[in-house]
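Secondary and tertiary structure notes
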Amino acid sequence: NTFGNGTVGNIYGPGLMNWDFSLNKTVALKERYQFRIEANFFNIFNRTNLSNPGTTCQQTTPGAACTSAGGFGQIGGDNGLPREVQLGAKFIF
């Protein structure tokens, strides 16, 4: 087998954008006690981030051109991270 003539970094995947957001509020109940309410949002805009394209190929004979091996250069899925919301409450004493 021989290596191809493609340079490193000539196949680019789609960009990644993931926004996380957090809100919290702390209320003093007495001098020693506090109550905290929290809300955490992961991937708040619910953007689908696609996977990188396939980069494997196969040669039928040594030195021959690389043929597509079931998805070369195709994006086959996403990262599987939907929007998530986490709520919490904390009593500090």
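Going by the structure above, here's the rest.
The notes below deal with the structure included here.

Thresholds applied
Residues numbered from 1 in each chain as written. Predicted model: local features only at pLDDT ≥ 70, side-chain atom pairs only at ≥ 80, totals over all residues. Heavy atoms only, no water. Helix = DSSP H or I, 4+ residues; strand = E, 2+ residues; numbered from the N terminus. Contact = heavy atoms within 4.5 Å. Salt bridge = Lys/Arg side-chain N within 4 Å of Asp/Glu carboxyl O. Buried < 20%, exposed > 50% of the residue type's maximum accessible area, 1.4 Å probe, protein only. Pairing = 2+ DSSP bridges. Axes fitted to C-alpha atoms, helices over the stretch in contact; angles between N-to-C directions. Phe/Tyr/Trp six-rings, centres within 6.5 Å; stacked < 30°, edge-to-face > 60°.

Looking at the element boundaries, methionine 17 is found in the segment before strand 1 (20-28). Once you skip the residues sitting within four places of it in the chain, methionine 17 turns out to touch Arg47 and Asn49.

Relative to the helices and strands, asparagine 40 is located in strand 2 (residues 34-42). Once residues within four sequence positions are removed from consideration, asparagine 40 is found in contact with Phe21, Ser22, Glu84, Val85 and Gln86.

This part is about the pattern of salt bridges. The tally for this structure, following the rule as stated, stands at 1 salt bridge. Arginine 36 is the partner of glutamate 38 in a salt bridge, and the nearest nitrogen-oxygen pair spans 3.8 Å. A residue is classified by how much of its surface remains accessible, and glutamate 38, at 23% relative accessible area, is partly exposed. For arginine 36, a relative accessible area of 25% puts it in the partly exposed group.

The antiparallel open sheet is built from 3 strands, whose spatial order is 1-2-5. Both outer strands of the open sheet, strand 1 and strand 5 (84-92), are each paired with one neighbouring strand and no more. Looking at each pair of strands side by side, their axes are set apart by 10° on average, direction ignored. Bridging between strand 1 and strand 2 involves 9 bridges; their strand directions are antiparallel. Across the sheet, the residue bridging to serine 22 is asparagine 40, located in strand 2.

With that settled, consider the packing of aromatic side chains. For the coordinates displayed, the defined rule picks out 4 aromatic pairs. Ring centres of tyrosine 33 and phenylalanine 91 lie 5.8 Å apart, and the angle between their planes is 15°; this geometry places the pair in the stacked category. Here phenylalanine 91 lies in strand 5 and tyrosine 33 lies in the loop between strand 1 and strand 2, a separation of 58 residues in the sequence. Phenylalanine 91 gets classed as partly exposed once you look at its relative accessible area, which sits at 45%. Taken together through their ring pairs, the aromatic side chains of Tyr33, Phe91 and Phe93 make up a single cluster.

Turning our attention to the pairing of strand 2. Once strand 1 ends, the chain turns through 5 residues before running back antiparallel as strand 2. Two elements, strand 2 and strand 5, share 9 bridges in a ladder whose sense is antiparallel. Counted as the bridge partner of isoleucine 37 is alanine 89 from strand 5.

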